[in-house]
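# A look at the structure
Listed below, chain by chain, are the residues.
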Amino acid sequence: IAVIQSLDLSLFSAVRVLDPGAIEYTLAEQTLPLQLILKTGNHNFVAIQNWCDYVGTRLEKVILSSELPKTKLAQYIAELSKKSILVEVLGLGPILLFYTPRYLLTYQSDQDYRSTQQSTILSAMASCDENTHKGFRLIETKHGTLMFHAKDYCLVDRIPELQAMNLGAFQVDFRQEEKFDTLLKIGALIKAYTPEAYQEFITAYSRKVTQCFYNANATDFAPDLIAGLKSV
């Protein structure tokens, strides 16, 4: 709160909020429009609608989960558009698998490291002993450890389809990228999408990409899986 109060909020057009406590504080103490991050634990429209109703007229945009399949995303955009609420989804960037306040990398080297190196960021690659999955990215900061999927989420080639759905914002998360020219290239591609330009960009991209959630949610296959188990 002290940091927020020290900022010149006239420089900002909106406040992006995730934590319910931050939502409550912003509604009570600020007047800026809210952009509500509903990426975690809000996969059904009842939950999303309840948050929208709670924030009320201050709500400008909702950022929905990347785990929503295409059919659900289109349905939610259509419903929220009726109330003039914009929808944003991750278009290109890392897939966060989990966050823990524990220091997973420091523990492997020096348990007292964090007490003297609060601002240092550590990174490593991880693999799984139980299967062949590998290439997971671990990043440790003073706030804990984040684990990202080996592949980035990418809906760039779906831009025409998303435009037809009336998607309000296409998020590009390049916080882990080191080359600024890559950001310039993706910006130009989003503004003027062509299949040829996309193929050139994705061939040179630093990581493999996936559309796992957009194409289908794993739970969609549950009935077939159960039928198969019964037959066995």
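Look above for the structure.
Criteria and thresholds
- Residues numbered from 1 in each chain as written.
- Predicted model: local features only at pLDDT ≥ 70, side-chain atom pairs only at ≥ 80, totals over all residues.
- Heavy atoms only, no water.
- Helix = DSSP H or I, 4+ residues; strand = E, 2+ residues; numbered from the N terminus.
- Buried < 20%, exposed > 50% of the residue type's maximum accessible area, 1.4 Å probe, protein only.
- Contact = heavy atoms within 4.5 Å.
- Areas by Shrake-Rupley, 256 points an atom, 1.4 Å probe, with all protein chains shown as cover.
- Axes fitted to C-alpha atoms, helices over the stretch in contact; angles between N-to-C directions.
- Parallel < 35°, antiparallel > 145°, perpendicular 65-115°, else oblique.
- Left-handed = near helix turned anticlockwise from the far one by under 90°.
- Nonpolar A, V, L, I, M, F, W, Y, C, P; charged D, E, K, R; others polar.

Of the regular secondary structure elements, the protein chain holds 11 helices and nine strands. Taken over 232 residues, the protein chain has a buried fraction of 36%. Considering only residue pairs separated by 6 or more positions, the protein chain has 63% of its internal contacts joining residues 24 or more positions apart. Counting only carbon and sulfur atoms, one obtains 56% of the accessible surface of the protein chain, whose full area is about 14,400 Å².

One way to put it is that helix α3 (residues 45-55) packs onto helix α4 (residues 70-81) with a least axis distance of 11 Å and a crossing angle of 25 degrees. Taken together, α3 and α4 sit at an angle that is classed as roughly parallel. For α3 against α4, the interelement crossing comes out right-handed. Across from F45, I48 and C52 in α3, the residues of α4 making contact are Y76, E79 and L80. Considering only residue class, the contact of α3 with α4 consists of five nonpolar, no polar and one charged.

The subject of this paragraph is the environment of P69. Checked against the element boundaries, P69 lands in the loop between β3 (59-64) and α4. Here the alpha-carbon distance between P69 and A216, two residues 147 residues apart in the chain, equals 5.3 Å.

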